[in-house]
Every structure is written in structure tokens, then in C-alpha cells.
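Structural overview
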Amino acid sequence: IDFETGECRRTNQDDVIAYGATIRAEYRRSLDPLGNKNLKGYASYSFSDGRIGFSGVTNTTDDFYLFQSAQHTLKAGVHLQIKRFGIDVRAIARTGSYTTDVFNQTKGKGFVLVNAFANYRIIESDKKEFTLDVFVRVRNALDQRYYNTPVAAIPVFEFSPQDPVRIGGGITVGFFKKR
């Protein structure tokens, strides 16, 4: 909104400075010569920072932090496969991110999430044309109460609550075409 004329129009009059980097490491190892036992792991760290200048909108020279962007994010995971059984454990740790409207900014709390997935192959046909697996998935295994910033900052919903621990399971059926 142009406060002088009252007109609503899109303009690119503000300055945004954003910078960051991500570093990632992966590890893979076969634990036996037949390849029936495998271990995979990864870890990554991301840094993101910057400022947004809303000088024409807020009538201030103060810059805002980037919103909906955690400054520090750490991710790690491990996958272990032993014959027909596999398990994955993954974690993510994030510092708080900002929500904003045209007049103020609020920073949410950081959080740590742990998710786990286990899979067991019950049936695998001799020619590998058909498989039947059962699985269990646990999301937010530590039952963390955390909040994300919503797309639009509405005063009533400044931060959006996320799901508590969630456990699910199922069956996966695979059909494979011969080549």
C-alpha cells in the first residue's frame, strides 16, 4: 500500500540481503562380504542469515531478520540394513525462525525432532518379482512440542503447532516387471 496515495500496487523498493551455506558428509560401509549387512549415515549443517529492509512500509530504517528461515539447522541420520530388516533414525535440530507482519517480528523457539522407521521384508519371490514388507514409522519420537512459523502472520496464529508423537505402520507390496 502506498501510504501517500492509498493505492495498492506491487513494487520492488526494498532491499534483501541473504547469505548462507550447507556442508554435508555421508558414510557408507558394507559390514560383511556378501553385502547382507550395510551401514549408511549422514550429517549436515546449514547456516542462513540476512536482513530485509522495509523502509517504505514501516516508516523505519530498522531491518528485519529473514523470516521463516532458521539461522542454524543440523540434520543427521543413520540407516542399518541386516538381511531383510532395516532401520532408519533421523534427527533435525533447528534454531527458532521469525514470523513477521509489516510492523513487528517475533522469533519462535528452536526444536529437535527424532524420527524412526523400521522395515522387515516378509516375502521376496525367488525371481524378485514380488515383495511383501511390514513397517513401523515413528514421527517426533521424543514427543517435542514445537511450532513453525505460518506463511502469513495472523495475530491469532503467530506460530503454528505441529503434531506430537505419531506412530503408524503398514504393509508394502512390490511388483517388479522382468526386463
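Our structure's up above, just so we're on the same page.
Computed from a predicted structure; not experimentally measured.

The topology assignment puts L66 in the loop between strand 3 (63–65) and strand 4 (72–82). Taking the relative accessible area as the measure of exposure, L66 reaches 16% and is therefore buried. C-alpha separation for the pair L66 and A18, spaced 48 residues apart in sequence, amounts to 7.7 Å. Not counting residues up to four positions away in its chain, the partners in contact with L66 are V16, I17, A18, S48, D49, G50, R51, I52 and Y98.

Quick look at the packing of aromatic side chains now. Geometry of an aromatic ring pair is reported as the spacing of the ring centres plus the angle between the planes. Overall, the coordinates contain three aromatic pairs when judged by the stated rule. With a centroid separation of 6.3 Å and an interplanar angle of 40°, the aromatic rings of Y19 and F47 are classed as tilted. Placement of the pair is Y19 in strand 1 (residues 15–30) and F47 in strand 2 (residues 37–53), with a sequence separation of 28 residues. Note on Y19: relative accessible area 48%, which makes it partly exposed. With centroids separated by 5.7 Å and ring planes inclined at 25°, the aromatic side chains of F117 and F135 adopt a geometry described as stacked. Taken together, the positions of F117 in strand 8 (residues 111–124) and F135 in strand 9 (residues 130–139) put the pair 18 residues apart, joining distant regions of the chain.

Attention shifts here to the pattern of salt bridges. If you walk through the whole model with that rule in mind, you get eight salt bridges. With its nearest N and O atoms 3.5 Å apart, the salt bridge here joins R28 to E26. With a relative accessible area of 59%, R28 lands in the exposed category. One network of salt bridges, in which partners are shared, links R24, E26 and R28.

Definitions and cut-offs
Residues numbered from 1 in each chain as written. Predicted model: local features only at pLDDT ≥ 70, side-chain atom pairs only at ≥ 80, totals over all residues. Heavy atoms only, no water. Helix = DSSP H or I, 4+ residues; strand = E, 2+ residues; numbered from the N terminus. Buried < 20%, exposed > 50% of the residue type's maximum accessible area, 1.4 Å probe, protein only. Contact = heavy atoms within 4.5 Å. Phe/Tyr/Trp six-rings, centres within 6.5 Å; stacked < 30°, edge-to-face > 60°. Salt bridge = Lys/Arg side-chain N within 4 Å of Asp/Glu carboxyl O.

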